[in-house]
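Descriptive analysis of the structure
The primary structure of each chain is shown beneath.
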Amino acid sequence: MTTELPVAEVALNLATGRGFDYQIPAELRGKVVPGSRVTVPFRGQPRSGYVIRLKATSRFQLESISALEDPMRQIPAPLLRLGDWICDYYCASHEAVIWNLLPAVVRKGEMQHREALYLDLTEKGQNLGSEEFARLTPKRQTVLRTFIRLGGSLPAKEALGAVDAGASVIEALVEDGWLQKTRRVQERDPFTNLKVVPDQPKTLTKSQQDALAAVTAEMDEPKPKPVLLFGVTGSGKTEVFLQAIAHCREQGKDAIVLVPEISLTPQTVTRFRARFGDQVSVLHSGLSDGQRFDEWTKINSGRAHIAIGARSALFAPFRKLGLIVVDEEHESTYKQDTVPHYNARDVAVVRGALEHCAVLLGSATPSLESYHNCQVGKYRLVEMPQRVEAQPLPPIELVDMHQDSAHLKDERKASFFSRRLEELIHDRLARKEQIIVFLNRRGFSTQLTCPQCGYTASCGDCSVTYTYHRKAEKLKCHLCGAEMDAPRKCPQCGSPEIRYGGFGTERVEAVTRACFPEAMVARMDSDTMTNAESYRKVLEAFGKRKIDILIGTQMIAKGLDFPNVTLVGIIQADIGLNVPDFRSAERTFDLITQVAGRAGRGDSPGRVIVQTCTPGNYALTCAQRQDFKDFYAQETPARETLGFPPFTHLVLLHFKSPDEERTAAAANRFMEVLQPLLRSSVQVIGPMPAPIAKIAKFYRYQILLRAADVRGIVAAIRSAMMQVSPAELRRVPIDIDVDPRYLQ
Ligand code: ADP
Ligand code: ZN
Ligand code: ZN
């Protein structure tokens, strides 16, 4: 029996990157298993850790495990293997990964359930036919009948009111063994703010039926293949998710639904709760510790069967998983930007393979990786090319801002609104329809320069310019968050003629208010939306048509479903195209498609204006035609020639320290060690300064590695790390990012 092995390797939260061996004392043999949480002595102090694996022997002189802790806090078995996979693939330590598998509040074990006293019928109490029952006073009989009617159990606090009898009657029934008192868990409900109206499954359209059939067919396979549901915005993907989950529940299995952004969760949660009620559990960072603890325990104890949430919901401890849904699978928020840098979409596919459960990826703009996986037969593709009830996709017009120069003479509006967009806004306002204006940059102006001496205001700690925020009268660094008062004159030469260039949402808001004084205007970006509540409030006001024009960044790009929005304006659509990253075209295509999808979801047709200075760019022209396949056809040959994903895998190493020379030296030394360990097929770019060479006083160097297969690279990196001294690794830490989303 492997569980009888005498040595356990334990991960302690010490940032050492390795486990420590301990003897398992005889009385705990067979009880300590991988995933167990144990107390061990470490340098004379008791510490808690998780057992990674059991071993027959150890090279070391061992101390013994001192205690096995609360089984509630152990890592559920299905997650252990998944954790191992994450360690291997993402080149992370068990230590780092294990701490991601359980919510901190569960690990720490400080949180308690909130308990309440319940009154339950005893077995004797359930038997109303007995002779003994017949001998009870009528009052007592009525109380017991009421308990039966209400399901046999009531919180003690509510019992008195519910049964319409005095406390003495209840006490007597308890004393005589008809009722009993039990303390039980009472959950803190994270849904108190949600108005949930139960709903019924909708009658599916033909393409929804086909999509559902494909998913359920996979679910019934012993080894399901992941399904990519490529459906245009508004094609009814969510309804397919809901009915696939219903199928899963009919088989007695559980489901996980991943959504990209926490802010989207309330709307999604409402739809799932409306269909599945109390079986739905939410896991996301907006919960209080108590709520998260309760939601997790609800899943772990089998009282919840559907978990919805951002990234971390993937680790919901279900034992009989039937389906994992990944909504908006192309989203970069699925990638964790701290260690381990896992991509929840990809790990979902792995969890599906390990637990033989179906995986359903949904998107209107699939990632090229997932679409490529369909082309090579790894995933199954299903398409929903039309909106429900066949509302047309909104026509998209590209407006060339160079051509619109007549308009530019009006300084007030210069480069904000083209003539076309301005006309349409007036038109929609007159018809009391709503408008979304999108710009992927916040702040008032993005560059502050002095024409006299050439000074540019930039963050001293990062290699970026400051953004001017007018309301706060501050210059802010969007990388490190540093702020300073906005200067009245040039800090370098004293000239009062400071020039503000470039613009963000704050400026667009000001211009909009000036140009359309009759309109109610609101702005939604991370400066105005400081918490989930402010987000909810603005969306509610928008839903009630108390806002005419909603201006915003990425935050408003996705998921919003407001039928009265008939115009979407995209300002400076080329911002993203100028970013030096191989995914810049893909991101621009996605963003425009997603933002455009907010228009015309109701009965009135929508319209989209895209303002650009590069109207010929294929990312824009394909987005204009809403033609993902053409975009894929134009984008992939270049990726293939240049050796980028989906044709290769990338591994990005970052070296960071406050000393530039030391950082460069560490990167170079590491490369010398690594080079001989790499296969000749691995391409190396660097070491070189990262595109953002400095963030928050830390200089950054990078090495980019690429090959068809990641495993060889990761193995080489692991060996190379063993040859670098721990002291060196502490001085200049190495951040390893497998399949990076951004190359900066
Ligand atoms: P997507 O997730 O693809 O953007 P949704 O699932 O949000 O699309 O569907 C868009 C709208 O159509 C929603 O308001 C939804 O309630 C509605 N809808 C979806 N499927 C149906 C259907 N079969 N019959 C009627 N309405 C539907
Ligand atoms: Zn900074
Ligand atoms: Zn100056």
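Structure first, text after, so check above.
To start, this report covers the structure provided alongside it. (Residues numbered from 1 in each chain as written. Chains lettered and ligands numbered in written order. Predicted model: local features only at pLDDT ≥ 70, side-chain atom pairs only at ≥ 80, totals over all residues. Heavy atoms only, no water.)

Structural notes on the overall build of the protein
Counting secondary structure elements, the protein contains 24 helices and 30 strands. Taken against the 2.2 N^0.38 rule, which gives 27 Å for 744 residues, the C-alpha radius of gyration of the protein at 30 Å falls within 12% of a compact globule. The dimensions of the protein, computed from C-alpha atoms along their principal axes, are 100 × 70 × 55 Å. The buried share of the protein, taken over its 744 residues, is 53%. Put simply, of all contacts in the protein between residues at least 6 apart along the chain, 74% involve residues at least 24 apart. Put simply, the protein has 95 plus and 87 minus side-chain charges, and the middle of one group is 2 Å from the middle of the other. (Helix = DSSP H or I, 4+ residues; strand = E, 2+ residues; numbered from the N terminus. Rg over C-alpha atoms; globule rule 2.2 N^0.38 Å. Buried < 20%, exposed > 50% of the residue type's maximum accessible area, 1.4 Å probe, protein only. Contact = heavy atoms within 4.5 Å. Lys, Arg positive; Asp, Glu negative; His and termini not counted. Charge placed at Lys NZ, Arg CZ, Asp CG, Glu CD.)

Digging into the packing of helix α6 (residues 138–149) against helix α7 (residues 156–163)
Put simply, α6 and α7 touch, their axes get as near as 10 Å, and they point 115° apart. Once α6 is placed against α7, the crossing between them reads as right-handed. Here α6 contributes Val143, Thr146 and Phe147 to the contact with α7, which in turn contributes Ala159, Ala162 and Val163. (Axes fitted to C-alpha atoms, helices over the stretch in contact; angles between N-to-C directions. Left-handed = near helix turned anticlockwise from the far one by under 90°.)

Quick look at the environment of leucine 119
Within the element layout of this structure, leucine 119 appears in strand β6 (residues 115–121). The spacing of leucine 119 and valine 174 is 55 residues in sequence and 8.7 Å in space, taken between C-alpha atoms.

Here we look at the site of ligand 1
In the neighbourhood of ligand 1, 17 residues make up the surrounding shell, with Thr203, Gln208, Gly234, Lys237 and Thr238 lying closest. Between a nitrogen atom of ligand 1 and a main-chain N or O atom of threonine 203, the distance comes to 2.8 Å. In the environment of ligand 1, an oxygen atom lies 2.9 Å from a nitrogen or oxygen atom belonging to the backbone of lysine 237. Contact with the protein chains covers 78% of the free accessible surface of ligand 1, which is 560 Å². In terms of residue class, the shell around ligand 1 is built from 3 nonpolar, 8 polar and 6 charged. (Near = heavy atom within 4 Å. Polar contact = N/O pair within 3.5 Å; in protein donor to acceptor, adjacent residues only side chain to side chain. Areas by Shrake-Rupley, 256 points an atom, 1.4 Å probe, with all protein chains shown as cover. Nonpolar A, V, L, I, M, F, W, Y, C, P; charged D, E, K, R; others polar.)

Topic: the coordination of the zinc ion (ligand 2)
Donor atoms from the polypeptide that bind the zinc ion (ligand 2) are Cys459 (SG), Cys462 (SG), Cys477 (SG) and Cys480 (SG), placed at 2.2 to 2.3 Å. Every donor counted, the 4 donor atoms about the zinc ion (ligand 2) form angles of 107 to 112° at the centre, which fits tetrahedral coordination. Of note, the zinc ion (ligand 2) draws all its donor residues from one chain, in the sequence arrangement C-x2-C-x14-C-x2-C. Residue cysteine 462 is found in the loop between β18 (447–449) and β19 (467–469), and its partner cysteine 477 is found in the loop between β20 (474–476) and β21 (483–485); the two are separated by 15 residues along the sequence. By relative accessible area, cysteine 477 is classed as buried at 3%. (Donors = N, O, S within 2.8 Å, 3.2 Å for Na, K, Ca; no water. Tetrahedral: all angles 85-135°; square planar, octahedral: opposite > 155°, others 65-115°.)

Quick look at the coordination of the zinc ion (ligand 3)
Within the protein, the atoms that donate to the zinc ion (ligand 3) are Cys450 (SG), Cys453 (SG), Cys490 (SG) and Cys493 (SG), at distances of 2.3 to 2.4 Å. Its 4 donor atoms give the zinc ion (ligand 3) angles of 106 to 112° at the centre, a pattern that matches the tetrahedral case. Here the donor residues of the zinc ion (ligand 3) share one chain and are spaced in sequence as C-x2-C-x36-C-x2-C. Linking cysteine 453 in the loop between β18 and β19 with cysteine 490 in the loop between β21 and β22 (499–501), this pair joins segments that are 37 residues apart in sequence.

Considering the sheet that holds strand β16 (residues 396–400)
What the 6 strands build is an open sheet, ordered β16-β26-β25-β17-β24-β23; its pairing is parallel. The strands lining the two open edges of the sheet, one partner per strand, are β16 and β23 (521–524). When the angles between neighbouring strand axes are averaged without regard to direction, this sheet yields 20°. Relative to strand β24 (residues 549–552), strand β17 (residues 434–438) runs parallel, the two sharing 4 bridges. Its bridge partner lying in β24, isoleucine 435 is registered against isoleucine 549. (Pairing = 2+ DSSP bridges.)

Some remarks on the side chain of glutamine 208
Topologically, glutamine 208 is positioned in helix α9 (residues 206–219). A polar contact is formed between the side chain of glutamine 208 and the backbone oxygen of glycine 236, at a distance of 2.9 Å. Not counting the four nearest positions on each side in its chain, glutamine 208 is found in contact with Thr203, Ser235, Gly236, Glu239, Val240, Met384 and Val388.

Section: the pairing of strand β26 (residues 607–612)
Along β26, 5 of the 6 residues are buried, which leaves the element largely enclosed by surrounding structure. Here 5 bridges tie β16 to β26, and the two strands are oriented parallel to one another. Residue pairing across strands places glutamate 397 opposite isoleucine 609, the latter belonging to β26. Of the pairings in the sheet, the one linking strand β25 (residues 565–570) to β26 comprises 4 bridges and is parallel in character. Within β26, the residue paired with leucine 567 across the bridge is arginine 607. Once the chain exits β25 it traverses helix α19 (residues 584–596) before rejoining the sheet at β26, and the crossover so formed is right-handed. (Right-handed = clockwise from strand over helix to strand, strands pointing away.)

Here's the deal with the packing of α6 against helix α8 (residues 167–175)
Look at α6 against α8: their axes get within 10 Å of each other, and the N-to-C directions meet at 80°. With respect to each other, α6 and α8 are oriented roughly perpendicular. For the pair α6 and α8, the contacting residues are Lys139, Arg140, Val143 and Leu144 in the first and Val169, Ala172 and Leu173 in the second. Residue composition of the contact of α6 with α8, by class: 5 nonpolar, no polar and 2 charged. (Parallel < 35°, antiparallel > 145°, perpendicular 65-115°, else oblique.)

Topic: the sheet that holds strand β2 (residues 20–23)
Spatially, β2-β1-β4-β3-β5 is the arrangement adopted by the 5 strands of the open sheet, whose pairing is antiparallel. Only two strands of the sheet have a single neighbouring strand rather than two, namely β2 and β5 (67–68). The pairing of strand β1 (residues 7–12) with β2 spans 4 bridges and is classified as antiparallel. Note on β2: the bridge partner recorded for valine 10 is phenylalanine 20.

Observations concerning the packing of aromatic side chains
Summed over the entire model, instances satisfying the criterion amount to 22 aromatic pairs. Aromatic side chains phenylalanine 230 and tyrosine 371 sit 6.3 Å apart centroid to centroid with 85° between the ring planes, which places their arrangement in the edge-to-face category. Placement of phenylalanine 230 in strand β9 (residues 227–231) and of tyrosine 371 in helix α14 (residues 368–375) is noted, with a sequence separation of 141 residues between them. Of the two residues, phenylalanine 230 and tyrosine 371, both sit in the buried class. Each ring, one from tyrosine 371 and one from tyrosine 632, has its centre 4.8 Å from the other, and the planes form 70°; the classification is edge-to-face. A residue pair is termed long-range when its members are at least 10 positions apart, and tyrosine 371 in helix α14 and tyrosine 632 in helix α21 (residues 628–642) qualify at 261 residues. (Phe/Tyr/Trp six-rings, centres within 6.5 Å; stacked < 30°, edge-to-face > 60°.)

So, the nonpolar core
Membership of the largest hydrophobic core comes to 115 residues, with the highest contact counts inside it found for Leu653, Phe655, Leu674, Leu705 and Ile717. Not counting the four nearest positions on each side in its chain, phenylalanine 655 is found in contact with Thr663, Ala666, Ala667, Phe670, Tyr699, Arg700, Tyr701, Ile703, Val732, Pro733 and Ile734. Counting residues in hydrophobic clusters, the runner-up holds 30 residues, among them Ala244, Cys248, Val280 and Ile308. (Core = buried A, V, L, I, M, F, W, Y, C linked by side-chain atoms within 4.5 Å.)

Details of the environment of threonine 146
Looking at the secondary structure, you find threonine 146 in helix α6. Take threonine 146: its relative accessible area is 9%, and that puts it in the buried class. It is 6.1 Å that separates the C-alpha atoms of threonine 146 and valine 163, two residues lying 17 residues apart in sequence. Here threonine 146 is in contact with Ala162 and Val163, once residues within four sequence places are set aside.

Some remarks on α6
Along its 12 residues, α6 runs 16 Å from first to last C-alpha, staying within 8% of the 16 Å computed at 1.5 Å per residue. Listing the buried residues of α6 in full gives Gln141, Val143, Leu144, Thr146 and Phe147. (Expected span 1.5 Å × (residues − 1).)

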